[in-house]
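Structural overview
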Amino acid sequence: MPENSENWLDGRVVVELGGRISVGACGSLLAQAGATVFFVEPVNGAVPAGKFASRRVFSAGKKSLGIDYQNQDDRKLLCELLRKADVVLLSSDWDGPIADDIEAACEGATAVCEFAATGEREDTSFGPLTDATVQAMSGIAYTNGFPGEEPVVLSVPILEYSAGVYGASACVAALETMRQFGQPQEIEVTLFDCAINALSTFLPAVYEGKEPGRLGNGHPMAAPWNAYNAADGWILLCSASDDHWKRVCQTIERGDLANDERFSTLGDRIAHRAMVDDAIAEWVAKHSVDECIASFSSRKLACGAIVKLPELKSEPNVVYRQAIVQVPEKNGETTSFVPGMFLKASTGISSTPMGIPGVDDGRDLARSCRRADLSGESRSNEENITLPLTGVRVLEIGQYTTAPLTARHLASLGAEVIKIEPPSGDAAREWAPKVDGLSVFFAMSNSGKTSYCLDLKTDFGRGAFAELVATADVMVENMKPGSLAAIGFTAERLQEINPKLIYCAITGFGSDSVYENRPAFDTVVQAMSGMMDANAWNGTPLKAGVSACDFMGGEVALFSILSSLHKRAASGRGVVLDLSMQDISVWMTATLWSKETEQTTCKRVLHCSDGYVLLEGAEGVIGRLLDALGSEEISLAEMREKASLEMVTATPISRLSDALKSDVAKSNNPVVSVEGHGGKLWQVLRSPMRMSPTAPAVCAPAGQVLPFNMSTLTMLKGA
């Protein structure tokens, strides 16, 4: 894509103080979007932890400011820099409260964004709450693992990354609120709220009175869907329909299965999941990974190799899209591998790899930098302040999770969201359970939108869609690459219709990819980004229970769209965004494949008489604790007491139903009841972006799809 020096966040100054990974991830996104980000790092020789344990990953593209907090000159320089900042990033529960003079210096920032584990006062006597701790508390860990086996805590810190992206989006929304109304914002993003949002596919079952369990690499609503061991490695295969099943049977040369009544419907295959998996495993075991993928792909089935972390740098699409790059450090003396620029756009983003700064090489810039003033824009009286996207129109063509998540959050920030569905509807409308014929998952995942049925395969549908595009500010979709182009709506055509349009395509491997036209589900992307290898359990690759790549793709799209809108206010130009879930997921696994420091904390899951517990602490100490217990099985309460004596953190692994009743959930209130379809109360997710005083709206759940005709078009064009 052409390089353009007019980055989205040019002139914005960010000071990154906090030590959480979420702070580093937030700063990295803001830096990719063109902000000047100061990576403040202590120079007192403390043991690297949090983001500092992966310094190369999180400092890349930033300016280092080395600070000795006991040195008055250093503190003075830091305070001067904070007074010039647009955005300040903190994580006080990780680092401890900041000093009074530093806190006072933050007050002039447009946005002060605080990242925390829960937002509650937790016992941190043995250290701050980690990503793993929150996985255990929130129900995330309970969904990871194989049936009948213990829960698994993911090695990939998915909640820290999720919080980082939501925080970056909130910071850009705050910049927009400042530009329009002169109103600064205080922001808080907690890992716990991000976890509950990530569990959206499991929440409907809980509200139906069921308890989601562990399915290994399976899918609760589809089969076959699993990892299979080939002759030379592992592959991942996903099948979501009866037509897919017929193609699977053709591939493995088992026409008898296609005609077997035990497997004739999706429900039947789910009921006989083990038999289905055995048949596929038998065929896969006789072939190489490449042979399996070639055979399944030839029939357009979603599949992929389960890539090991050390092999990720040579994965063909990772190489092609430069998802991992080698950059200079220490003034060019050495090079290191870091995540590449995964924000891909036609304008507004540099394609230059982000170098690794030397410690304190940004000191001179910290003294001289100035932030660009936002005060030149029109201001309103405080009582007239609205949400930052009020007046912005968004078109969404999305199914399942990714694009719908993006558009849901745009709606919570004030945008008008028009969801375009085909005659068959968004496939998620069919997901059980349903209330009055409407999927609970669909209603929850599409709050704040108005849905219309528009058949883009007809002349009327295409003509009406073109007229809608002309009225829109944003269009977001997660269709298979080339789907819109096949009916005449290439990216170039959309820009011709509306040069101010921000068009965001979210795909598994990118619109520009070596895997052209290859379908991809979340699990395939987990397999091909090193995530399943990173989370392997007893030698078997393991996916996250939640759709980690789907929700992160939607979150990064949210940030990209907000940043593009912020820049468009000055440039007047639209942009084409090409976001790859694989690129984003490779970024999420970077703390593992970069291997900058060895893990000093051990994590063990132990079965107690009344549940499972996560132990976190020094490996030797946990080893002694377990040796002392021997084969004795004790209660969770007893385990917590014994662990406390050894300075080991012991966190019960909660089921999702228990997490929703916890004190943290009662305080944070991540799920609320809103009147919706049928006049009934429906559960919807609150935004993890807690902003004050301009808080994102809690929107009504989606309802039934509405017909689209000429009067609808006239109404929408006049709106």
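Remember, predicted model here, so these are calculated numbers, not experimental data.

1. Quick word on the confidence of the model for the protein
- Looking at the protein, pLDDT values average 93 and 97% of them are 70 or higher.
- Counting interchain partners and residues more than four positions distant, the pLDDT-below-50 stretch residues 1-5 has 15 contacts.

2. Considering the side chain of Gln185
- Looking at where Gln185 falls in the secondary structure, it is placed in strand E6 (residues 185-190).
- For Gln185, the residues in contact, after removing those within four places along its chain, are Thr110, Ala111, Val112, Ala174, Thr177, Met691, Ser692, Pro693 and Thr694.

3. Quick look at the sheet that holds strand E21 (residues 611-617)
- An order of E20-E21-E22 is seen for the three strands of this open sheet, with the pairing classed as antiparallel. Whereas interior strands pair on both sides, the edge strands pair on one side only; in this sheet they are strand E20 (602-608) and strand E22 (649-652). On average, each strand axis in the sheet is tilted by 25 degrees relative to the strand beside it, whichever way the strands run.
- Here E20 runs beside E21; their pairing, made up of seven bridges, is antiparallel.

4. Here we look at the environment of Glu646
- In this fold, Glu646 is placed in the loop between helix H27 (636-645) and E22.
- Taking the relative accessible area as the measure of exposure, Glu646 reaches 34% and is therefore partly exposed.
- The contacts of Glu646, once residues within four sequence positions are left out, are Val621 and Leu625.

5. Observations regarding the environment of Lys210
- By secondary structure assignment, the location of Lys210 is in the loop between helix H9 (203-207) and strand E7 (225-230).
- Through-space distance from the C-alpha of Lys210 to that of Ser657 is 8.7 Å; in sequence the pair is 447 residues apart.

6. Describing the pairing of strand E8 (residues 233-238)
- Of the strand pairs in this sheet, E7 and E8 are connected by six bridges, and their pairing is antiparallel. By the bridge assignment for E8, Ala230 is matched with Gly233.
- Hairpin connection from E7 to E8: two residues lie between these consecutive antiparallel strands.
- Pairing geometry for E8 and strand E9 (residues 302-305), over four bridges, is antiparallel. Counterpart to Leu237 in the pairing with E9 is Cys303.

7. With respect to a negative patch on the surface
- On the surface, Asp610, Glu632, Glu633, Glu638 and Glu641 cluster together to form a negatively charged patch.
- The topology assignment puts Glu641 in helix H27.
- Residue Glu641 is classed as exposed on the basis of its relative accessible area, which comes to 55%.

8. Structural notes on the pattern of salt bridges
- Applying the stated criterion across every chain, the model contains 32 salt bridges.
- Salt bridges here are not isolated pairs; linked through shared partners, they connect Glu396, Lys419, Asp426 and Lys449.

9. Things to note about the packing of aromatic side chains
- According to the stated counting rule, one finds 14 aromatic pairs in the structure shown.
- Between Phe39 and Phe52, the aromatic rings sit 5.6 Å apart at their centres with planes inclined by 70 degrees, giving edge-to-face as the arrangement. With Phe39 in strand E2 (residues 36-42) and Phe52 in the loop between E2 and helix H2 (55-59), this residue pair connects regions lying 13 residues apart in the sequence. As far as burial versus exposure is concerned, Phe39 and Phe52 are alike and both buried.
- Each residue in the set Phe58, Tyr161, Phe342 and Trp587 is aromatic and connected to the rest through ring pairs, giving one cluster.

About the criteria used
Residues numbered from 1 in each chain as written. Predicted model: local features only at pLDDT ≥ 70, side-chain atom pairs only at ≥ 80, totals over all residues. Heavy atoms only, no water. pLDDT = per-residue confidence, 0-100. Contact = heavy atoms within 4.5 Å. Helix = DSSP H or I, 4+ residues; strand = E, 2+ residues; numbered from the N terminus. Pairing = 2+ DSSP bridges. Axes fitted to C-alpha atoms, helices over the stretch in contact; angles between N-to-C directions. Buried < 20%, exposed > 50% of the residue type's maximum accessible area, 1.4 Å probe, protein only. Patch = residues over 30% accessible without salt bridge, like charges linked within 9 Å, V, L, I, M, F, W, Y side chains within 5 Å. Areas by Shrake-Rupley, 256 points an atom, 1.4 Å probe, with all protein chains shown as cover. Salt bridge = Lys/Arg side-chain N within 4 Å of Asp/Glu carboxyl O. Lys, Arg positive; Asp, Glu negative; His and termini not counted. Charge placed at Lys NZ, Arg CZ, Asp CG, Glu CD. Phe/Tyr/Trp six-rings, centres within 6.5 Å; stacked < 30°, edge-to-face > 60°.

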